[in-house]
Amino acid sequence: ARSSRPAPPPGCMRFYIHHDGDPEFTLAVSWAPTDRRAVRDLCALVAKRLPATAGTRHISLVTENGVELPAGHCVCACVREGADLIAKSVARPPSQPAPAAAANAAEDLEPYLKAADKAYGARQLARAKTIYTELLGVSPRLFTALLRLGLIEEQAGRHEEACHWLQRAVREDPASEEAAVALARSHLAAGEGEEAAAAVRAALERCGSGAGGKAGGKAAAKVAAKARRLKIELGRTLFKAGARQEGGALLTSILQQDMEQADALLPYGEACVALGQHDDALKIFLRLVTQRSDDSAVRRLLAASLGSKDGMALLRQQLAFDAKSASALAFLATIARDHSKLSASLELIAEAARLVPDASAYALQRAHTLEVELRYADALEAVREHCDANPQRAAAGVRCADVAALLPTREQCEAARWRPPSAPPSA
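Below, the structure is looked at part by part. (Residues numbered from 1 in each chain as written. Predicted model: local features only at pLDDT ≥ 70, side-chain atom pairs only at ≥ 80, totals over all residues. Heavy atoms only, no water.)

### Some thoughts on the nonpolar core
Tyr 120, Tyr 132, Leu 135, Leu 136 and Leu 230 are the most contacted members of the largest nonpolar core, which totals 42 residues. Those elements that provide at least two residues to this core are α3 (98–121), α4 (125–138), α5 (143–155), α6 (159–172), α7 (177–189), α8 (193–208) and α9 (217–240). Element by element, the count of residues in this core is highest for α8, at seven residues. Among all residues touching Leu 135, those that are not within four sequence positions of it are Leu 109, Tyr 112, Leu 113 and Leu 142. Counting residues in each nonpolar core, the second largest holds 41 residues, with Leu 251, Leu 286, Ala 326 and Leu 355 among its members. (Core = buried A, V, L, I, M, F, W, Y, C linked by side-chain atoms within 4.5 Å. Buried < 20%, exposed > 50% of the residue type's maximum accessible area, 1.4 Å probe, protein only. Helix = DSSP H or I, 4+ residues; strand = E, 2+ residues; numbered from the N terminus. Contact = heavy atoms within 4.5 Å.)

As structure tokens, this is what we get:
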């Protein structure tokens, strides 16, 4: 009976493991809440109780409901006070030659790795982290798990933890460009500029010493392309780490080698924004946005250039403000608005609406942007101007002139605006 079971030491949790096999036995376990060991350590306790004649066996622990406890999980997190666990043991197969064992291990891990990759791709990062961590408990040098854990920690802003995983990933696959660049980013985010630059330099050295660099044809072209990307990353890293002159000079030299390739334009333009050189930055990002219109970094930096002190004047030097460019102006207005550059956005969309007065989309975009600034009377005025310019336009029998007649005037809006009382109410 459970009532006859001895009490655990003060502060400890007591639970029981029943071995389901030959020999049958029950193991009473007292577990301190500060003990962070994993389920696999419990399995090792069971294995010690088995006779030597049982041979090497695999132990798993199952709850009364038949749920197997993950080997890598902390005991305190998955076992409750007074629980009854079932220990199942099966004989391990004879040891295999190293290549065959490695192949079988990789095949055994494949379903779990696919599940982790699927969770990572679906942005279920907590689940992905759990599976990758458990995979490392079985295969501590699994590159994909090390890399993805580093990327997950980086995205969560835990940059020291990210560096830990990414350093291990680089050791496992020194040729991985993704791991090296991610390690540099994490060092940089952690305020470790020298370590960030060192990570990229080391990757560049490994790239230069690779066998592909001495080969010809496609292999040499791949190595050259990788070296160029790493040099660009080094220039960006140096600039952000404070070595602006060295980083800027490196980016400039890369651009001068081939002005047609746009890969170095983004970090160079980013440097121009940081230095306040918005004329060059605007030229660069207007070119890039035509090639990569959905690139969030390009849009953000273009908005910064448009919202600068002379941004609109510089844009007029690059773009003709006429009816043909109205759609481009509306597009730029959307980019500026999405990055809180509302003054620039309003000026751009107002120009587009002026150039094409019959475009309802431009009038509505202008009104919505004014609403974002809480300028409701101005928003209504923008709608009125469009209706006055297109009085006979109609939808479902309702003309723009009819809508304009229903809109309150600016004076009416001002009179209806709530104002705080000038003095508190008397008692």
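Picking up where we left off.
### Notes on the packing of aromatic side chains
Overall, the coordinates contain one aromatic pair when judged by the stated rule. Lying over the aromatic face of Phe 25, Arg 49 brings its terminal NZ or CZ to 4.9 Å of the ring centre. Across from the ring centre of Phe 321, 4.2 Å away, lies the NZ or CZ of Arg 316, which sits over that ring. (Phe/Tyr/Trp six-rings, centres within 6.5 Å; stacked < 30°, edge-to-face > 60°. Lys NZ or Arg CZ within 6 Å of the ring centre and 35° of its normal.)

### Notes on the side chain of Ser 60
Mapped onto the fold, Ser 60 is located in strand β3 (residues 57–62). Given the relative accessible area of 12%, Ser 60 is considered buried. Ser 60 has contacts with Cys 43, Glu 68, Ile 86, Ala 87 and Lys 88, leaving out every residue within four places of it along the chain.

### Notes on the layout of surface pockets
If you add up the space inside the second largest pocket, you get close to 240 Å³. Considering the residues around the second largest pocket, the lining is formed by Ala 184, Arg 185, Leu 188, Glu 233, Arg 236, Thr 237, Lys 240, Leu 266, Glu 270, Ala 297 and Arg 300. Secondary structure elements with two or more residues in the lining of the second largest pocket: α7, α9, α11 (265–274) and α13 (296–306). The element contributing the most residues to the lining of the second largest pocket is α9, with four residues. Here the lining of the second largest pocket is built from residues that sort into four nonpolar, one polar and six charged. (1 Å grid on protein atoms, 1.4 Å probe; cavity = no way out; pocket = protein on both sides within 12 Å on 5 of 7 lines; lining within 4 Å. Points joined across faces, edges and corners; volume = space filled by probe spheres on them. Nonpolar A, V, L, I, M, F, W, Y, C, P; charged D, E, K, R; others polar.)

These figures come from the coordinates and say nothing about function on their own.
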